[in-house]
Amino acid sequence: MPAALRLNETLELNLVEYRGGVTLAELKALAAFMAHNPQHLQRDTLNIIQAGCDFAAIQLAELDTLFAYYAKLYAPLNLQIMRRAAWVCRSAAAKSHLDHWLSGDARKKMSSTVRAFESVAEAADWLLLSPAELALLESGEDFTPIARFTASAPAR
């Protein structure tokens, strides 16, 4: 399961986790899912890159192309407030790809404030989650699996 999307409806929070060797095809499958389900684009998101995860198969220029694709997805949404996207990277092997992704202008192109954090607790604080909501996040309780993304296709 290289990438998986879960949702907590009450918190209006997406949780995306990345594991193992993630490919461009898997990131494109996630982007295609978002294109067909734009309600997920409007929510705050916590992205967690798990230990041992890497994006080594993905060239940085390919990330730039994917970033531009996401910008096109956000353009027609006219969001009234900035959404927040928090990233927690537990994998040294994935850090350079995350840094590259975060170097894009997400504020202007995706109506998003984006930040990296050392821990889920720091990210949850920035996302304005209460201690009880952080506990739900850490346990995964009340986060409904929406889709898993593999090189072949999303699995629901």
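Structure: above.
The structure displayed is predicted, hence computed values, not measured ones. (Residues numbered from 1 in each chain as written. Predicted model: local features only at pLDDT ≥ 70, side-chain atom pairs only at ≥ 80, totals over all residues. Heavy atoms only, no water.)

Visitor: Provide a residue-level description of unusual backbone geometry, including the pertinent values.
Guide: The residue Leu128 is not glycine, and still its phi comes out positive at about 65 degrees. Topologically, Leu128 is positioned in the loop between helix H5 (120–126) and helix H6 (131–139). A residue is classified by how much of its surface remains accessible, and Leu128, at 66% relative accessible area, is exposed. Located in the positive-phi region is Asp142, a residue other than glycine, with phi close to 70 degrees. (Helix = DSSP H or I, 4+ residues; strand = E, 2+ residues; numbered from the N terminus. Buried < 20%, exposed > 50% of the residue type's maximum accessible area, 1.4 Å probe, protein only.)

Visitor: An account of the state of the cysteines is needed here, citing residue identities and associated values.
Guide: Think of a disulfide as a covalent bridge from one cysteine sulfur atom to another cysteine sulfur atom. Across all of its chains, the model carries zero disulfides by this definition. Among the cysteines around Cys53, which has no disulfide bond, Cys89 carries the closest sulfur, lying 7.6 Å off. (Disulfide = S-S within 2.5 Å.)

Visitor: Residues and numbers for the packing of aromatic side chains, please.
Guide: Counting across every chain of the model gives seven aromatic pairs. Arranged with centres 5.9 Å apart and planes meeting at 15 degrees, the rings of Tyr18 and Trp87 form a pair that is stacked. With Tyr18 in strand S2 (residues 13–18) and Trp87 in strand S4 (residues 83–89), this pair connects stretches of sequence that are 69 residues apart. The buried category is assigned to Trp87, whose relative accessible area is 9%. With 5.2 Å between their ring centres and 70 degrees between their planes, Phe67 and Trp101 make a pair best called edge-to-face. A residue pair is termed long-range when its members are at least 10 positions apart, and Phe67 in helix H2 (residues 60–74) and Trp101 in helix H3 (residues 95–102) qualify at 34 residues. Here Phe67 and Trp101 have matching classes, each one buried. (Phe/Tyr/Trp six-rings, centres within 6.5 Å; stacked < 30°, edge-to-face > 60°.)

Visitor: Summarise the nonpolar core; cite the residues concerned and give the values.
Guide: With 31 residues, the main nonpolar core has Tyr18, Leu27, Ile49, Phe55, Tyr70 and Phe149 as its most contacted residues. Setting aside chain neighbours within four positions, we find Phe55 in contact with Tyr18, Val22, Leu27, Ile49, Ala94 and His97. Grouped together as the second largest cluster of nonpolar side chains are 17 residues, Ile48, Val120, Ala124 and Trp126 included. (Core = buried A, V, L, I, M, F, W, Y, C linked by side-chain atoms within 4.5 Å. Contact = heavy atoms within 4.5 Å.)

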